[in-house]
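Residue-level structural notes
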Amino acid sequence: MSQNHSISIGRSPACAISIADDTVSWNHAELVINAKKQLFITDCGSSNGTFLVKKNGDIKQIRQSVIEDQARVRFGSCEFSAQMLFELAKEYLQQKTTTTPKTLAWTRCDCGVVMQEGKPCPGCHKSYQQKG
Ligand SMILES: [Zn+2]
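Described below are features of the structure shown in this document. Bear in mind the structure is a predicted one, so any value in this text is a computation, not a measurement.

1. Some points on the overall build of the protein chain
When helices and strands are counted, the protein chain shows one helix and eleven strands. The N-to-C order of helical and strand elements in the protein chain reads β-β-β-β-β-β-β-β-β-α-β-β. For the protein chain, the proportion of its 132 residues judged to be buried stands at 23%. Put simply, 35% of the contacts in the protein chain that link residues at least 6 apart link residues at least 24 apart.

2. Regarding the environment of serine 18
Positionally, serine 18 belongs in strand S2 (residues 17-20). Judged by the 19 C-beta atoms lying within 10 Å of it, serine 18 is partly exposed. Apart from the residues within four sequence positions on either side, serine 18 is in contact with Gly10, Ser12, Pro13, Thr103, Leu104, Ala105 and Trp106.

3. So, the sheet that holds strand S9 (residues 78-81)
Strands sit in the order S6-S5-S8-S9 across an open sheet of four strands; the sheet is antiparallel. Among the strands making up the open sheet, the edge pair consists of strand S6 (59-62) and S9. Strand-to-strand, the axes of this sheet are offset by a mean angle of 25°, without reference to chain direction. With four bridges connecting them, strand S5 (residues 50-53) and S6 associate as antiparallel partners. When the sheet's bridge partners are listed, phenylalanine 51 is paired in S6 with glutamine 61.

4. Description of the environment of aspartate 22
Structurally, aspartate 22 is set in the loop between S2 and strand S3 (29-33). Exposure remark for aspartate 22: the 11 C-beta atoms within 10 Å place this residue in the exposed category. For the pair aspartate 22 and glycine 76, spaced 54 residues apart in sequence, the C-alpha separation works out to 8.3 Å.

5. Considering the nonpolar core
Grouped together as the largest cluster of nonpolar side chains are 22 residues, with contacts concentrated most on Ile9, Ile17, Ile19, Leu31, Val73, Phe75 and Leu85. Mapped onto this core, the elements with two or more residues apiece are strand S1 (7-10), S2, S3, strand S4 (39-43), strand S8 (72-75), S9, helix H1 (82-98) and strand S11 (114-116). The residues touching isoleucine 9, leaving out its near neighbours within four places in the chain, are Cys15, Ile17, Ile19, His28, Ala29, Glu30, Leu31 and Phe75.

6. Thoughts on the sheet that holds S3
Pairing between sheet strands relies on hydrogen bonds along the backbone, with the strands arranged either parallel or antiparallel. On the basis of which strands lie adjacent, the open sheet formed by seven strands has the order S7-S4-S3-S1-S2-S10-S11 and mixed pairing. Single-partner strands in this sheet number two, and they are strand S7 (64-67) and S11. The mean angle between the axes of side-by-side strands here comes to 25°, regardless of whether they run parallel or antiparallel. Pairing of S2 with strand S10 (residues 104-108) involves four bridges; the strand directions are parallel. Bridged to isoleucine 19 within S10 is tryptophan 106.

Conventions and cut-offs
Residues numbered from 1 in each chain as written. Predicted model: local features only at pLDDT ≥ 70, side-chain atom pairs only at ≥ 80, totals over all residues. Helix = DSSP H or I, 4+ residues; strand = E, 2+ residues; numbered from the N terminus. Buried ≥ 20, exposed ≤ 12 C-beta atoms within 10 Å, placed from the backbone. Contact = placed C-beta atoms within 7 Å. Pairing = 2+ DSSP bridges. Axes fitted to C-alpha atoms, helices over the stretch in contact; angles between N-to-C directions. Core = buried A, V, L, I, M, F, W, Y, C linked by C-beta atoms within 7 Å.

As structure tokens, this is what we get:
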């Protein structure tokens, strides 16, 4: 086995990157950082699909794809920049070497931007801390 740490993405709270959004499937996709330090995404047969949004705005549905640095990835209606996913993956894998990794919980703001639960929205800066 090589260093093939995969990072699960989905609505399930057990996923490494858990996204509380109805357009995201329970087990939506898997993310790995390959030997060339590129993001590599595999769709796990999600209902609403995984899409690669290129820098020039082209959108294509993917089953498996390397994600370029400047691209964005859409899981259902939730969009992440490649850079953000890379940071999340690194954060998750770092935790994994020290303690039991904590799931990174995400949700979609009313403004359409995905945000980490308990933190202000990076799009509209609205805080959802007291969300019931
Ligand atoms: Zn917002």
